[in-house]
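Here are the chains, one letter per residue:
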Amino acid sequence: MYTYLKFGLPRVFPPNAGSQRSHNRQMGGPGGGRGRVNRGYRESQPIGGASSGYDSSDNETTRGRVPPNLRKFRSESDFRQLGVVPTSRPSSRAHGNIPLAALKQANSRASIAGTHLNHHAPNSRHYGNRSHSEADLLGPDTYDYDSRLYAPSRARSDQVLLSRRQSPLGLVYPNIQVHSLDVSPGVRGVSLQAKAGDLFAIMATSQKEGTALTEALAGLRDRLAGEILVNGQHITQRGLRDLCGYVPAPDRAALDPRMSVQSTLSFHASLRGPIDRSDLKERIDILIEDLGLTAVRTANVSRLTHSERQRLSVACQLLTQASVLVLDQATTSMDIFDTFFLVEYLRQWCSSGRIVIMTLQPPTFEILSMCSGVLLLSGGRTVFSGSRSDLPRHMGTLGYPCPPFKNPADYYLDLVTLDDLSAAAMLESSARIDSLASAWEQVNAELPIGAPPAAMPNFTKRAGAFKQITTLCKRYIVYKQPGSLLSWISRLIAAAVLSLCIGCIFWDVPATDPQLLQNDRLGYHHCIMAVAFWPLLLLTIRDLHEDREHAEREIALRLYSRPLYIIVQSVLSVMPSLCIWLAYLLPAHSMAGLYSYTTSSDRGIYIYMGYMLLYLMAIQALALFAAHFFSAKTNASVFTGLIMLAVSSVGGYSIHAASIPTFWTWVQVVSPERWLLPVLAEDEYSAETIANTAGLQLCRNKQVQHQEIIVQQPCPPPNGTQILADHLLLPRDHALDPKNMHEATIIGLCVAACLLFVLAFVAFSANTWRLFTRKKRSARER
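Our subject in this report is the structure included herewith. (Residues numbered from 1 in each chain as written. Predicted model: local features only at pLDDT ≥ 70, side-chain atom pairs only at ≥ 80, totals over all residues. Heavy atoms only, no water.)

**Section: the overall build of the protein chain**
Here is step 1: Secondary structure assignment for the protein chain yields 31 helices and 20 strands.
Here is step 2: Residue pairs in contact within the protein chain that sit at least 24 positions apart in sequence constitute 73% of those at least 6 positions apart. (Helix = DSSP H or I, 4+ residues; strand = E, 2+ residues; numbered from the N terminus. Contact = heavy atoms within 4.5 Å.)

Laid out in structure tokens, this is it:
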């Protein structure tokens, strides 16, 4: 809370202010050490639970010390309303009300706020004659974070000082330098430099430009030109990925909504975490508390607020202990208090010898004053890059000083934004932007001297293949529960309901059609194999697409590989899918009464279930391929429907085999229904089955006169072989192997399922979604 007072803001409690630990616990620093973390949380629970709140009446640190004519910790705007000219900085006003004991605490927010307050003692320079421009506060007279890097305060811990290695020339390491970087789309000639302890802000007029630049800095996007040096050494794209932690934009955050906060952090830490994992659980607990996630620790990500999801994304990357943290749109759609809390936390985190580079759009004056460096982009060109305190000075020399009472971030970002409301405004703004960018290019025509080479910072640890497999299995079995279990149960219930509906339609088929006149047996098999399973297939495609969307975000962060993901996903879904298909087959088959009049053993039911499970798993493999090939659920469903319509039309029931056109007869060879229907019909129309079902029926056409009495004789059993011959379903008409249709059908179904899985594996590994995504992006840009 003292950080807020330092910048002249009202009293604001961070999230989860009621959860407080001792001040002597510290976060991890480089090399296994621990730096300072956010402390000084309020003892009592604030109003609103876990959200930030403003409290202007209660202050346990200043009770009895506030002057009666002054409201507690007022902001700069409060003094303007009272017409009072301040004689000191807002932070110095707050300093007089901070207890001495709190200032002496090494890790408290009071000590952080009071680190620089001694520079503004009553005997030092006063600000009574300062100009009315807020940009003046960005000048060298204010507390500059750049100076802290070379002359740290005694309040800092020795761990922080040791983590910052300095070269003979005084440069602080780690150090990152970017020279003339070109990135698609539209970012060209960007240069910047950041060192240990810097919180570097990227302010771009277009979000896609900021995203492209941050992804290039994190090694997730190819750079067209330019070079990136870390500690004076050239680094490859893969090296950047292993060195930097990357927090993507909120709409691309790698957070599974069915996982809890605790499970999400454990999952990310298992795949990419610190080298020393001895105290990993403690680190997770510290991050959860410090980032205000204690109240939602066991809640699913889908129940979190936007600010909580953003803080969780940041926490996942802080666990990696990366030397450079890159954030894209981390504060988008967040309110001022949550934004201030997150940026201040990152500022303290990087003060332990790390670098934070983040996009801000646009920051408030207080947040801008927390940044040590600024990069101003417009149309992909650099307008300014350097120290935050040099921004007003540079723009002022070009004839654009910040007006009084104006936020410099808002003013300068508006100044370099293209105005397309009218043709005249567009010409004027484009000429202004071009002149500002050209002026900066002239000032920085020569490349800066690279930093002296030094040892590279510690790279993050990534999980191997075996660890990735075990972590993915643990996510499906443990982390995503009970969400995954409920999803499978819902599909199981849907399968059972569909089976009951089919059983009601085809109730007791042998009793209703003993003479084989209505083809109910073949109709039942066709309904099971081509019609009734569609709701289950659509649910499967939906679930696959949801899992795929979350997996793409995690794969983009290089948490695991594509082949391992689809293999684990497919293997773990086999047993639940078999249970679902059994629930789809058993009730309907029992209610239809098939094989119920057979005198032999129950071997027929097991054979039927085995064949049908192979067939349905092959159909599910087709849905798996479609879901991984197409980027939209609708396209995948339509493709699967067209394929099933084509192969089922020649299956032997919808269209008579003799009526199929010559050019379409080849489809019978690849139709699983055409393979399987003769095998099922063979037992269904066997002489034994028909004799048992038709022997109890009396035939009205068989009336014999016996001793002047007319006797009704039983009907002769119908000829099942003739029925199969009429439909061309005899073994000799089998599409694969007329001599041994049973083995040929089993082999054909297994080969079809494996082939479709291989196609799905190739489609996912090759990331065919990129083709559709690029087309959509090009259409939107046009």
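So that's the structure; there's more coming.
**A closer look at the sheet that holds strand β7 (residues 175–183)**
Here is step 1: With antiparallel pairing, the four strands of this open sheet are ordered in space as β8-β7-β10-β11. Looking at strand neighbours, the two that pair on one side only are β8 (187–195) and β11 (233–234), the edges of this open sheet.
Here is step 2: Note: β7 against strand β10 (residues 223–230), six bridges, orientation antiparallel. Within β10, the position partnered with Asp182 by the bridge is Ala225.
Here is step 3: Relative to β7, helix α8 (residues 207–217) is tilted by about 130°, and along the sheet it contacts β7, β8 and β10. (Pairing = 2+ DSSP bridges. Axes fitted to C-alpha atoms, helices over the stretch in contact; angles between N-to-C directions.)

**Focus on the side chain of Ser369**
Here is step 1: Structurally, Ser369 is set in the loop between α14 (365–368) and β16 (373–378).
Here is step 2: Here Ser369 falls in the buried class, since its relative accessible area comes to 10%.
Here is step 3: For Ser369, the side chain forms a polar contact with the main-chain oxygen of Glu366, separated by 2.6 Å. (Buried < 20%, exposed > 50% of the residue type's maximum accessible area, 1.4 Å probe, protein only. Polar contact = N/O pair within 3.5 Å; in protein donor to acceptor, adjacent residues only side chain to side chain.)

**What to know about the pattern of salt bridges**
Here is step 1: Under the defined criterion, the tally for this structure stands at 23 salt bridges.
Here is step 2: The partner of Lys480 in a salt bridge is Asp547, with the nearest N and O atoms 3.3 Å apart. With Lys480 in the loop between α18 (465–479) and α19 (483–505) and Asp547 in helix α22 (residues 534–556), this pair connects stretches of sequence that are 67 residues apart.
Here is step 3: Looking at Lys480, the relative accessible area reads 1%, which means it is buried. (Salt bridge = Lys/Arg side-chain N within 4 Å of Asp/Glu carboxyl O.)

**Digging into helix α10 (residues 261–271)**
Here is step 1: For α10, the tally of buried residues reaches ten of eleven residues, placing the bulk of the element in the interior.
Here is step 2: If you check which residues of α10 are buried, you get Val261, Ser263, Thr264, Leu265, Ser266, Phe267, His268, Ala269, Ser270 and Leu271.

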